[in-house]
Amino acid sequence: MKKMRNDERKTYTAGQILKFVIPSLAGALAFLMPIPDKGTFNTALGLLIDVGKGGVLKPYLPTAAMIAVVFSAVASLLAVLTKPRFIMRSPSLRELFCVSPFWLGSRLLGAVLYVVILYKIGPEVVWNMDNGGTPGLVLAPALLIVFSVLAAFVPLLTDYGLMEYVGTFARPIMGPLFKLPGRAAIDCLASWVGSSSVGVVITTKVHDQGYYSDREAAIIASTFSVISVAYIYVMADFVKLPHKYLQILFSVYAVTFILALIMPRIWPLSSIPDTFSGKAGKQRAGDDMPQDAKLGEWALKLAVERAERQRFSDTAAAFVRTLLSLLVSTMPLVISWGTLVLLVANNTPVFQFLARPFAWMLELMRIPEAGEVGVAFILSYADQFLAAIVGSTVHTDAARFMCAGISATGLIYMTEVGVLILNSSIPLGPGKLTCIYIIRAVLTVFLLSPFAWYFCM
């Protein structure tokens, strides 16, 4: 471990510190500060979203959302077929539009179904409110506003030093509690304020550089790539509990914390050896925190230097990238997967059969509408939004609360996190990922139910 040089110990001007403090504090307050609202509590972010969804734009939102989904499908198809130079030269655009046949098909199906739903074309069973109407006329229009607001505020949390500052102070607890190196706190915080996929990408990169062993990388990717505070609001809004966002946020992270204590100590994560299969070699690389550095001064150094590198143009570009990614990648899946799943769930006994074990456990824990909630526990493995879609169709707050909860605590949803892990050097295959999800889901039933009782019953 290196020593801290004298030139690394320096003081900062008030302007430098304020550039870190003001945006970070604004972002934290927007996401987390409770504000009294109609007899309950909301957040500044939630109030802003509510105004957007209920304002003069409301009648136009379904059409605007359809345009976004159709754009995603057409742009992806052209990118895959023609590979235009401006897309192929941009890593972010190439990753966004040049997708596999499966994801391209999902986007194309979403575009076709949205047109069918909006204009009520063909069989009513496709576009009625029990099936396609819910994702097409309720969820996607709301997402358009939610994603726009979130894309604007997330950079305040991620790009002005807050991750570096809080993550540095979290280092001392990571080893004793979770058997992980201190830098894993940064990955967790990246997921918390950014997205699960951000956490997995960071973990993969650090594993390839030799800072994480195979076991450490597997634990972090499958246990600490938690769903972000922004997405938890999306889930709360989906299941018609935006006024209980803070309660869901607290409950989800409490359960996730307990699972993070349990999962590294049991199979399959405990069976993964402490070998190094990353691209850097077979032994651990050095830590980047100097041996004699104090946590406070090192945290401030990292935070201030991160904020100094950030320009307004960078923040604006991050807003555009985040919004485009959410609209292009997520919105079509809400329509295509959401409609298909609701069609199968409402018209066949398939998911009810698969969900029976979860329904029994939920009944044991006295959760209402246990059969429907059990289906959400199955569907969340495919995509966290599917659990929220089921949650939007149930009638009791406790059932909705549980659907929102599993959409976050399950963590291994295959549309994004699972695919990223499978495509990385982290030694977790489909079988182990499935086992990890099932264990997390079963434990969630028993850990989350008391919160549902307290906050909703």
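Further up the page is the structure itself.
Keep in mind that what you see is a predicted model, and the values were worked out from it rather than measured. (Residues numbered from 1 in each chain as written. Predicted model: local features only at pLDDT ≥ 70, side-chain atom pairs only at ≥ 80, totals over all residues. Heavy atoms only, no water.)

A. Summary view of the overall build of the chain. For the chain, the helix and strand inventory stands at 24 helices and two strands. Compactness check: the chain gives a C-alpha radius of gyration of 22 Å against a globular reference of 23 Å for 457 residues, within 12% of the reference. For the chain, the spread of C-alpha atoms along the three principal axes comes to 70 × 50 × 45 Å. Here the contacts in the chain between residues at least 6 apart in sequence split such that 77% fall between residues at least 24 apart. Counting only carbon and sulfur atoms, one obtains 68% of the accessible surface of the chain, whose full area is about 19300 Å². Each charge class in the chain can be summarised by its mean position, and for the 37 positive and 28 negative side chains these summaries are 4 Å apart. (Helix = DSSP H or I, 4+ residues; strand = E, 2+ residues; numbered from the N terminus. Rg over C-alpha atoms; globule rule 2.2 N^0.38 Å. Contact = heavy atoms within 4.5 Å. Areas by Shrake-Rupley, 256 points an atom, 1.4 Å probe, with all protein chains shown as cover. Lys, Arg positive; Asp, Glu negative; His and termini not counted. Charge placed at Lys NZ, Arg CZ, Asp CG, Glu CD.)

B. Spotlight on the packing of aromatic side chains. The full count for this structure, using the stated rule, is 15 aromatic pairs. Here Phe-102 and Trp-103 contribute two aromatic rings whose centre-to-centre distance is 4.8 Å and whose plane-to-plane angle is 75°, an arrangement assigned as edge-to-face. Overall, Phe-102 belongs to the partly exposed group, its relative accessible area being 49%. Here the aromatic rings of Tyr-165 and Phe-169 are separated by 5.1 Å at their centres, their planes lie at 65°, and the arrangement is edge-to-face. (Phe/Tyr/Trp six-rings, centres within 6.5 Å; stacked < 30°, edge-to-face > 60°. Buried < 20%, exposed > 50% of the residue type's maximum accessible area, 1.4 Å probe, protein only.)

C. Focus on the pattern of salt bridges. Across all of its chains, the model carries six salt bridges by this definition. Between Asp-159 and Arg-306 there is a salt bridge, and its shortest N-O distance comes to 3.4 Å. Of this pair, Asp-159 sits in the loop between α8 (133-158) and α9 (162-169) while Arg-306 sits in helix α16 (residues 295-309), placing them 147 residues apart in sequence. For the pair formed by Asp-159 and Arg-306, the shared burial category is buried. (Salt bridge = Lys/Arg side-chain N within 4 Å of Asp/Glu carboxyl O.)

D. How the structure looks around unusual backbone geometry. In the segment running from Trp-267 into Pro-268, the intervening peptide bond is cis, with an omega of 10°. By the element assignment, Pro-268 lies in the loop between α15 (245-262) and α16. A positive phi angle is found at Lys-120, which is not glycine, with a value near 55°. In this fold, Lys-120 is placed in the loop between α6 (101-119) and α7 (124-127). Despite not being glycine, Lys-240 has its phi angle at roughly 65°, a positive value. Among the secondary structure elements, Lys-240 is positioned in the loop between α14 (229-238) and α15.

E. Region of the structure containing the packing of α6 against α8. α8 packs onto α6 with a crossing angle of 95° between their chain directions and a minimal axis gap of 9 Å. By the angle class used here, α6 and α8 are roughly perpendicular. Along the contact surface, α6 presents Tyr-114, Ile-117 and Leu-118, while α8 presents Gly-133, Gly-136, Leu-137, Ala-140 and Pro-141. Of the residues that constitute the contact of α6 with α8, the class distribution is six nonpolar, two polar and no charged. (Axes fitted to C-alpha atoms, helices over the stretch in contact; angles between N-to-C directions. Parallel < 35°, antiparallel > 145°, perpendicular 65-115°, else oblique. Nonpolar A, V, L, I, M, F, W, Y, C, P; charged D, E, K, R; others polar.)

F. Region of interest: helix α19 (residues 356-364). Taken together, the buried positions of α19 are occupied by Phe-358, Ala-359, Met-361 and Leu-362. Angular distribution of buried residues about the axis of α19 spans 165°; they occupy a single face of the element. Exposed side chains of α19 directed beyond 90 degrees from the buried face belong to Trp-360, Glu-363 and Leu-364. Tucked into the core, α19 has its buried residues touching α20 (370-379), α22 (397-409) and α24 (430-456). Positive backbone phi, approximately 60°, marks Arg-366, located one or two places after α19. (Arc of directions from axis to C-beta.)

G. Helix α2 (residues 44-54), seen in detail. All of the buried residues along α2 are Leu-45, Gly-46, Ile-49, Gly-52 and Lys-53. Seen along its axis, α2 keeps its buried residues to an arc of 125°; they face one direction. Counted as exposed and oriented over 90 degrees from the buried face of α2: Val-51 and Gly-54.

H. Representation of the nonpolar core within the structure. Within the largest apolar cluster, 126 residues are counted, with the highest numbers of intra-cluster contacts made by Phe-31, Phe-147, Ile-232, Phe-377, Phe-385 and Leu-428. A per-element tally of this core places α8 first, with 12 residues. Filtering out sequence-adjacent residues up to four positions away, Leu-428 remains in contact with Ala-218, Ser-222, Leu-269, Ile-272, Ile-421, Leu-422, Leu-433 and Ile-436. Membership of the second largest hydrophobic core comes to six residues, among which are Ala-75, Ile-87, Leu-96 and Phe-97. (Core = buried A, V, L, I, M, F, W, Y, C linked by side-chain atoms within 4.5 Å.)

I. Here's a closer look at the packing of α19 against α24. For the pair α19 and α24, interaxial distance at closest approach is 9 Å and the crossing angle is 20°. By the criterion of interaxial angle, the relationship of α19 to α24 is roughly parallel. Between α19 and α24 lies a crossing whose hand is right-handed. Residue-level inspection shows Phe-358, Met-361, Leu-362 and Leu-364 of α19 in contact with α24, the latter providing Ala-441, Val-442, Val-445 and Phe-446. When grouped by side-chain class, the residues that make up the contact of α19 with α24 number eight nonpolar, no polar and no charged. (Left-handed = near helix turned anticlockwise from the far one by under 90°.)

J. Spatial organisation of the environment of Ala-217. Mapping Ala-217 onto the fold places it in helix α13 (residues 214-224). Judged by its relative accessible area of 0%, Ala-217 falls in the buried class. The spacing of Ala-217 and His-207 is 10 residues in sequence and 6.1 Å in space, taken between C-alpha atoms. Dropping the residues within four chain positions of it, Ala-217 is found in contact with Thr-203, His-207, Tyr-212 and Ile-426.

Any functional reading would require information that these geometric values do not contain.
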